[in-house]
Amino acid sequence: MTDGDERPAGLAASGDEQPATVPQGGDGPAGQPAAASTGAPGPAAAPTGAPAPTDDYANGLGPADDDRARSEGPAGDYDAPNDSAPADDGPARGDDEVRGDGTAVQRALAGAEDAAPKPGPQSGPAGHLPTAPGVPPIVAAGGPPPQPPTRRRWRLWTVLGLVLVLVACGVPGVLLLGLVRDAAGRPAAGRDDRGTAAERRLGERMAARLDRQAAALLNGDRAGFLAVAEPAARPALTRRYAALRALRVTAWRPVADGVPEAVDRRPGEWRLTVTVGYCFVVPGCTPSSVELGTRWRVAGEAEPLLTAVEESRATPAGARPWEVSDLAVAVGKRAVVATTPALRGRLPGLLAQAEAAARVADLYAVAAPPPDRYLVYYAGRAEWQRWYGGGRPKWTAGYAVGVGGGHHDVVLNAQSLTPTGVDDLLRHELTHAASLPDRGYADRSSWWLVEGLAEYAGADGQPVDRYEGLAEARKLVRGGWGGRLDALAPADDAADDRVGGAYGIGYLAVRHLVDRFGEQRVLDFFRAVVHERRSMDEAADEVFGEPWPGLHDDCVAYLRAVAG
């Protein structure tokens, strides 16, 4: 993982910055700026299907949610979230009493059986992206509603959004991948076999409501998006609608995972887990995915009403920013940058820097074309502790986290960055997004290669003697490091100079391999080790034609000569 450290003196992202003069995101088809959304549903906007423009801004601001609680963040060096931070969307509260005879549940199931559409083959409606046979189509923007279904320390350091799991009593941890569900959103095998026929039909009714909501989202119909929900749930949904529209959502595909389950001690309330495949800006992207819990109220034969959408808590990705925060967004040709309303004055500069970094990162796409867009979130203090689960090492300035579909979202810590460090950090993190496999990497011994390549890209061709981390690398080489690249990764609680030295050694090792064999062969070596999960020995023999032990010692001798 890559991260930064304590906030350097002189940088404070101020909420008093002048807001950018930008169109307001809200209603209307994707890519068409409109007035900022409000708490009350407005009239539906007619879809146009117009392509999204580039290099512009949208302010995806929704109304304040009166029921917001304090953000959840880890204890540590960060301040606790303030009261203005949005909180989880909890289920609507109701009567805690439950009928002993289960009458409410039986009425709901009976209504589902009477009102549910009958199963049978159905053709995909126009405006849906094709998918694999038997998989419901992805709803694309502009189409008609679907038919009901049946770091570097800058001096900072950066950290991949991969979770470090420590295995008992000091055994080296395993950097787990940014695991998310299949982007196609297929239900887990066998889960649809659970439950009664009436429960399955109730699930079909809920899925039909979610499909209509998806079509409304993509067509810029806020009133239609909110129509599936109870009034109490609409403020939080309005905020989410505005954030997704500001991010130029172009595909939104909810798929039920199994059947709804009755909520204990809440008659008439149900919970249905769904996996949503989604795209931003680019309609035909391979979707990212997120698993969400939806809460419903069912009364007799009436249509189910959505009462809440729970915050995703998948490990390690956690809650996406668009789930929990108001967002202001800037969209460019290669990058999308989003931040909080208080920091939106930074968007023009951040977008220009991200666009420049994207051109560098594109060169390090290893096993696939570069990402269609790099998505960068600029986090304030409270958001840093909440987005994607928070809890990063204290030395973190930024990280990349896998979200499915070959995509990695990048998050920068506004509290930890200096103005001169943003360019290097963006090149580093966007290189992770371009070079890493969707599943991340699972072997801690390859940390030096993953981070060394990103540091090499971040340095952007500067001479070795101008590399900013050289002094820290020298300190680590002279003491505290045993001379093994596979034992280089720092601990979460490592001191700043130990972290900086580790990144510096990784950079020097990769730099030496590039100087000897060229960038393309080093990328081939990276692919073999990180993507294909082959051993260093096997990869070195095949790519470089030399045994790895000798190359390893050669790299160590070089970095000792340069930094020792």
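The following paragraphs examine the structure supplied in this document. The shown structure was predicted, so the numbers you read here are calculated from the model rather than taken from an experiment.

## Some words on the overall build of the chain
- The secondary structure content of the chain amounts to 14 helices and 16 strands.
- Considering the chain as a whole, with its 564 residues, one finds that 57% of them fall into the buried category.
- Of the roughly 21,500 Å² of accessible surface on the chain, a fraction of 53% belongs to carbon and sulfur atoms.

## Overview of the packing of helix 9 (residues 447-459) against helix 12 (residues 519-531)
- Where helix 9 meets helix 12, the axes come as close as 11 Å, and the angle between the chain directions of the two elements is 145°. For helix 9 against helix 12, the interelement crossing comes out left-handed. Contacts from W448, L449, V450, L453 and Y456 in helix 9 reach E519, L523, F525, F526, V529 and V530 in helix 12.
- Of the residues contributing to the contact of helix 9 with helix 12, the split by class is 10 nonpolar, no polar and one charged.

## What about the pattern of salt bridges?
- The full count for this structure, using the stated rule, is 17 salt bridges.
- Residue D424 is joined to R427 by a salt bridge in which the shortest nitrogen-to-oxygen separation is 2.3 Å. Taken as a pair, D424 and R427 lie in helix 8 (residues 422-435) at a separation of three residues, close to a single helical turn.
- Residue classification places R427 among the buried positions, given a relative accessible area of 13%.
- Here D554 and R516 are joined by a salt bridge, their closest N and O atoms 2.9 Å apart. Of this pair, D554 sits in helix 14 (residues 548-563) while R516 is found in helix 11 (residues 496-517), placing the two residues 38 residues apart along the sequence.
- Exposure remark for D554: the relative accessible area of 28% places this residue in the partly exposed category.
- Residue classification places R516 among the partly exposed positions, given a relative accessible area of 38%.

## Focus on the nonpolar core
- Core analysis: the largest hydrophobic core is formed by 55 residues, its most contacted members being W448, W481, L485, I505, L508, F525 and F544.
- At the level of secondary structure, the elements contributing two or more residues to this core comprise helix 9, helix 10 (470-478), helix 11, helix 12, helix 13 (536-543) and helix 14.
- The element that contributes the greatest number of residues to this core is helix 11, accounting for 11 residues.
- The contact partners of F525, leaving out residues within four places of it in the chain, are W448, L449, M536, A539, A540, V543, F544 and W548.
- V298, A319, L327 and V403 belong to the second largest nonpolar core, which has 52 residues in total.

## What about the packing of aromatic side chains?
- Enumeration according to the criterion identifies 16 aromatic pairs in this entry.
- Here F225 and Y241 contribute two aromatic rings whose centre-to-centre distance is 5.2 Å and whose plane-to-plane angle is 50°, an arrangement assigned as tilted. Residue F225 is found in helix 3 (residues 222-226), and its partner Y241 is found in helix 4 (residues 234-246); the two are separated by 16 residues along the sequence. In this structure, F225 and Y241 share a single accessibility class: buried.
- Taken together, Y377, W384, W387, Y388 and Y399 form an aromatic cluster joined through their ring pairs.

Rules and cut-offs
- Residues numbered from 1 in each chain as written.
- Predicted model: local features only at pLDDT ≥ 70, side-chain atom pairs only at ≥ 80, totals over all residues.
- Heavy atoms only, no water.
- Helix = DSSP H or I, 4+ residues; strand = E, 2+ residues; numbered from the N terminus.
- Buried < 20%, exposed > 50% of the residue type's maximum accessible area, 1.4 Å probe, protein only.
- Areas by Shrake-Rupley, 256 points an atom, 1.4 Å probe, with all protein chains shown as cover.
- Axes fitted to C-alpha atoms, helices over the stretch in contact; angles between N-to-C directions.
- Left-handed = near helix turned anticlockwise from the far one by under 90°.
- Contact = heavy atoms within 4.5 Å.
- Nonpolar A, V, L, I, M, F, W, Y, C, P; charged D, E, K, R; others polar.
- Salt bridge = Lys/Arg side-chain N within 4 Å of Asp/Glu carboxyl O.
- Core = buried A, V, L, I, M, F, W, Y, C linked by side-chain atoms within 4.5 Å.
- Phe/Tyr/Trp six-rings, centres within 6.5 Å; stacked < 30°, edge-to-face > 60°.

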